[in-house]
Amino acid sequence: MVEVIGAALEMKATGAGHRTIAVRLGRPPTTVRGWLRRFAARAARVAGVFTLHLVTLVDDPAAVLPAPAGSAFADAVAAVLAATIAVRSRFVATAPMWRVASAVSRGALLAPAR
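Residues numbered from 1 in each chain as written. Predicted model: local features only at pLDDT ≥ 70, side-chain atom pairs only at ≥ 80, totals over all residues. Heavy atoms only, no water.

**Quick word on the packing of helix H6 (residues 72–90) against helix H7 (residues 97–104)**
Two numbers describe how H6 lies on H7: the axes approach to 9 Å, and their chain directions differ by 95°. As far as their axial angle goes, H7 and H6 are roughly perpendicular. Contacts between H6 and H7 pair Val77, Val80, Leu81, Thr84, Ile85, Val87 and Arg88 from the former with Met97, Trp98, Val100, Ala101 and Val104 from the latter. Within the contact of H6 with H7, the residues separate by chemical class into 10 nonpolar, one polar and one charged. (Axes fitted to C-alpha atoms, helices over the stretch in contact; angles between N-to-C directions. Helix = DSSP H or I, 4+ residues; strand = E, 2+ residues; numbered from the N terminus. Parallel < 35°, antiparallel > 145°, perpendicular 65-115°, else oblique. Contact = heavy atoms within 4.5 Å. Nonpolar A, V, L, I, M, F, W, Y, C, P; charged D, E, K, R; others polar.)

**A short note on H7**
Because each turn of an α-helix spans 3.6 residues, side chains separated by three or four positions in sequence point in the same direction. Restricting attention to buried positions, one finds in H7 the residues Trp98, Val100, Ala101 and Ser102. Positive phi appears at Arg106, one or two residues downstream of H7, with a value of about 55°. (Buried < 20%, exposed > 50% of the residue type's maximum accessible area, 1.4 Å probe, protein only.)

Now the structure itself:
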């Protein structure tokens, strides 16, 4: 499931709307809209946390920091992907990208607010 949600986040980061994403993923539009809204609500925090992970995992953070992606949402997705690549590289992990991202966030990437 995390791979499906991750795919939705990546599509949204490139400009797709929730209805288009829902059709592509075969999920209800309301479900996809919920995922996107939860992620958007915490995008700045997600970007900060994953950027911190990225900086602590690589020898030259300046070489791998993602460039601004055009929106807080897209910046957060870019940070998640960059940090996940660093985790996989550092620990020679072969798990799918979004499973690694979920593990790094302890499953809280899209968890309801407490």
